[in-house]
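Chain and residue survey
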Amino acid sequence: MPLPVILQEITQNSFGDLVTSYKETFKEDPSIEQKNAWKKLLEIFNTLNTPHPIIMEYPIFTDRVDAIFVDESKALILEAKGWKQARRKDDITVESDGELRLDPCYQLNNYVTKMNTFHSSGIRFEGALFLYNTNDYSSSECEVLRNPNDLKVKLKNYSPRSRQDVDKIVNGKFVLTTDFVKFLAETKNFLQQSIAKAILPYGYGLTEEQGLILSKVLNVLEDRASNKNFLVRGGSGSGKSLLAITLFLETLSRGYFTILSYKNQRLLNSIKLSLTGLSLNKTNDRDKVQALSQFIMFYSTGFGFGVGESNFSDWFKEKFGDEKIDLVVYDEAQRMTTNVIKKFSQGKSKRVFLR
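Now for a description of the structure that goes with this document. (Residues numbered from 1 in each chain as written. Predicted model: local features only at pLDDT ≥ 70, side-chain atom pairs only at ≥ 80, totals over all residues. Heavy atoms only, no water.)

**Details of the packing of helix α2 (residues 32–48) against helix α4 (residues 148–155)**
At a minimum axis distance of 10 Å, the contact between α2 and α4 shows a crossing angle of 55°. One finds that α2 runs oblique with respect to α4. Where α2 crosses over α4, the two elements pack in a sense that is right-handed. On the side of α2, the interface is formed by Ile44, Phe45, Thr47 and Leu48, while α4 contributes Pro148, Leu151, Lys152 and Leu155. Classifying every residue of the contact of α2 with α4 by side-chain character gives six nonpolar, one polar and one charged. (Axes fitted to C-alpha atoms, helices over the stretch in contact; angles between N-to-C directions. Helix = DSSP H or I, 4+ residues; strand = E, 2+ residues; numbered from the N terminus. Parallel < 35°, antiparallel > 145°, perpendicular 65-115°, else oblique. Left-handed = near helix turned anticlockwise from the far one by under 90°. Contact = heavy atoms within 4.5 Å. Nonpolar A, V, L, I, M, F, W, Y, C, P; charged D, E, K, R; others polar.)

Written out as C-alpha cells, the structure reads:
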C-alpha cells in the first residue's frame, strides 16, 4: 500500500511497512537519513505504550507529516526532528547540523493550518514540534516538546480511538475553497510584513522546498556580485504559481524592483485584477508608493515589447526611467520563446524560471 502507513501498534514490521509504502509511492528507496529517522521515531513511540492509532508519513500536497495521533474529533500533528544543532537564519529558515532547513514551527503551522482549512474530515487539528535531540531551538510560534515523557503527557489529552477515526483522515480529501489569487484580492493588510509568514495562517504556507528556494533567492539578491539564476521544476499542482507570487510580493516588500511575468494572458489578467488597488511602499524609498499590478508583465509576446524581448529596454526606460530591475520571475517558463531564452542572461538582474 502507498503512504500513509497506519499503525494500530508498534511492531517489528512497522519499519518494513514504512519502507515498502515509501517505495510504492515514490518508486525509489528512502534515504539512509529517512530510514534512521523512522527507526528512532518508532523506538520512541514504542516506549509510550500509547493506545492511539498513529498515521505516519501522511501526504499534504507535496509534503508529508511525520505522525498524526488520532482522537474522535481532534488529532495531534507531530513534526519530529532529530537535529543536534539548530540556529535561526531568517524568518522562515534555520541552519541545522550544517544544512539550511525550513523553520520547524513554520513547517508545523503550515501543516496544521492546511489540514484545518482545506481537509474534508471536519476534525480539529493541533500541532506539536518534537525535538528529541537538541535544546538549541526555541520558538514562541508553536509548542515544543523535548523528550518522550513530554509527548506522553501531551497525548493524555487525546482519548484512545479506533480505525474508523483514522479513516476519517486517511479517506478525507483536500478541498480548496478558494485560490491564492482570490485570496490576494480579499487580503490587503499584510503587504508591509514578511509575506511568507503573513500568508501562513490562511493555509498558503510554503513547503520546505519552496521556503528554501525563497531564502536562497533573497540571499542572492543581497549579494550584488552574484550572477546566480534559478530554474524551478514541478508538476501540475506542485505550487509553482504560489511560489512565483510569494517571491514577487516578498522581494517587492523588501525594496527590490521585481517583475512577475507570464505568457498566459488569462492568468496574468486575473492576477493583475486581484492586485489592482493594492500598493506597496518600497522599503528603500518610503515616499514612493508602488502599484503592485504595474510590475506584472507578459514575456514572449512575439511583438518585441515583452520582458526580455528586443524593444523591452526602451519601453521599460520610458515607463520607469533609470530604475534597475533586481529580479524577474518567469512563471510557466516552458512557454518562453528562443529569443527570450537567449537574452535572459544579459544584464545584472537575477531571474527565477518556474516550469
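Moving on, there is more to tell.
**A closer look at the environment of Lys216**
Among the secondary structure elements, Lys216 is positioned in helix α8 (residues 208–222). For the pair Lys216 and Lys228, spaced twelve residues apart in the sequence, the C-alpha separation amounts to 10.0 Å. Every residue in contact with Lys216, bar those within four places of it in the chain, is listed here: Leu100 and Phe230.

**Quick notes on the state of the cysteines**
Within this structure, the stated rule accounts for one disulfide. There is a disulfide in this structure between Cys105 and Cys142, and the S-S distance comes to 1.9 Å. With the S-S bond torsion at -60°, the cross-link from Cys105 to Cys142 turns out left-handed. With a gap of 37 residues between them, Cys105 in helix α3 (residues 104–118) and Cys142 in the loop between β8 (124–131) and β9 (144–145) connect regions that are remote in the sequence. In this structure, Cys105 and Cys142 share a single accessibility class: buried. (Disulfide = S-S within 2.5 Å. Buried < 20%, exposed > 50% of the residue type's maximum accessible area, 1.4 Å probe, protein only.)

**Quick word on the nonpolar core**
Counting residues in each nonpolar core, the largest one holds 55 residues, and the members touching the most others are Val217, Ile259, Leu260, Tyr262, Val307, Tyr330 and Val352. Non-local contacts of Ile259, meaning those with residues more than four positions away in its chain, are made with Phe248, Phe295, Met297, Val307, Phe312, Phe316, Ile325, Leu327, Val328 and Val329. Core analysis: the next-biggest nonpolar cluster, separate from the first, contains 26 residues, Val19, Leu76, Ala128 and Leu145 among them. (Core = buried A, V, L, I, M, F, W, Y, C linked by side-chain atoms within 4.5 Å.)

**With respect to the pattern of salt bridges**
Think of it this way: side chains of opposite charge can pair up when their charged atoms draw near. Under the criterion given, the structure shown has 15 salt bridges. Here Arg101 and Glu99 are joined by a salt bridge, their closest N and O atoms 3.2 Å apart. The class for Arg101 is partly exposed, based on a relative accessible area of 28%. According to the relative accessible area criterion, Glu99 is partly exposed, its value standing at 43%. (Salt bridge = Lys/Arg side-chain N within 4 Å of Asp/Glu carboxyl O.)

**Quick word on the environment of Val144**
Turning to its location among the elements, Val144 is positioned in strand β9. As a C-alpha pair, Val144 and Leu129 span 15 residues in sequence and 4.7 Å in three-dimensional space. Here Val144 is in contact with Leu129, Leu131 and Ser139, once residues within four sequence places are set aside.

**Concerning the sheet that holds strand β11 (residues 258–262)**
The strands that make up a sheet pair up through hydrogen bonds in the backbone, lying either parallel or antiparallel. Ordered by their spatial adjacency, five strands build an open sheet running β10-β16-β15-β11-β14, and the pairing between neighbours is parallel. The open sheet has two edge strands, β10 (230–232) and β14 (296–298), and neither has a second partner. Here the average twist between neighbouring strands, direction ignored, is 20°. For β10 and strand β16 (residues 350–354), the ladder comprises three bridges, and the chain directions are parallel. Opposite Val232, over in β16, you have Leu354 as the bridge partner. Strands in contact with α8 are β10, β15 (327–330) and β16; relative to β10, the strand with the most contacts, it is inclined by about 165°. (Pairing = 2+ DSSP bridges.)

**What about unusual backbone geometry?**
Residue Pro4 is reached from Leu3 by a cis peptide bond, and omega for that bond is 10°. If you trace the backbone, Pro4 turns up in the segment before β1 (5–7). Within the chain, Glu57 stands out as a residue other than glycine whose phi angle is a positive 60°. Take Glu57: its relative accessible area is 2%, and that puts it in the buried class. Positive phi values are uncommon outside glycine, yet Phe61 reaches one of about 55°.

**Description of the side chain of Gln210**
Inspection of the secondary structure puts Gln210 in helix α8. On the accessibility criterion, Gln210 (6% relative accessible area) is buried. Apart from the residues within four sequence positions on either side, Gln210 is in contact with Ser238, Gly239, Leu242 and Leu243.

**With respect to the packing of aromatic side chains**
Under the definition given, this model contains 16 aromatic pairs. Ring centres of Tyr22 and Trp38 lie 5.8 Å apart, and the angle between their planes is 70°; on these two criteria the pair is classed as edge-to-face. Linking Tyr22 in helix α1 (residues 14–26) with Trp38 in helix α2, this pair joins segments that are 16 residues apart in sequence. Summarising the burial analysis for this pair, Tyr22 and Trp38 share the class buried. With 5.3 Å between their ring centres and 80° between their planes, Phe45 and Phe69 make a pair best called edge-to-face. Taken together, the residues Phe45 in helix α2 and Phe69 in strand β3 (residues 63–70) connect sequence positions 24 residues apart. The same class applies to Phe45 and to Phe69, which are both buried. Taken together, the aromatic side chains of Phe257, Phe295, Phe312, Trp315, Phe316 and Phe320 make up a single cluster linked through ring pairs. Above the plane of the ring of Tyr158 lies Lys74, whose end atom (NZ or CZ) is 4.6 Å from the centre. (Phe/Tyr/Trp six-rings, centres within 6.5 Å; stacked < 30°, edge-to-face > 60°. Lys NZ or Arg CZ within 6 Å of the ring centre and 35° of its normal.)

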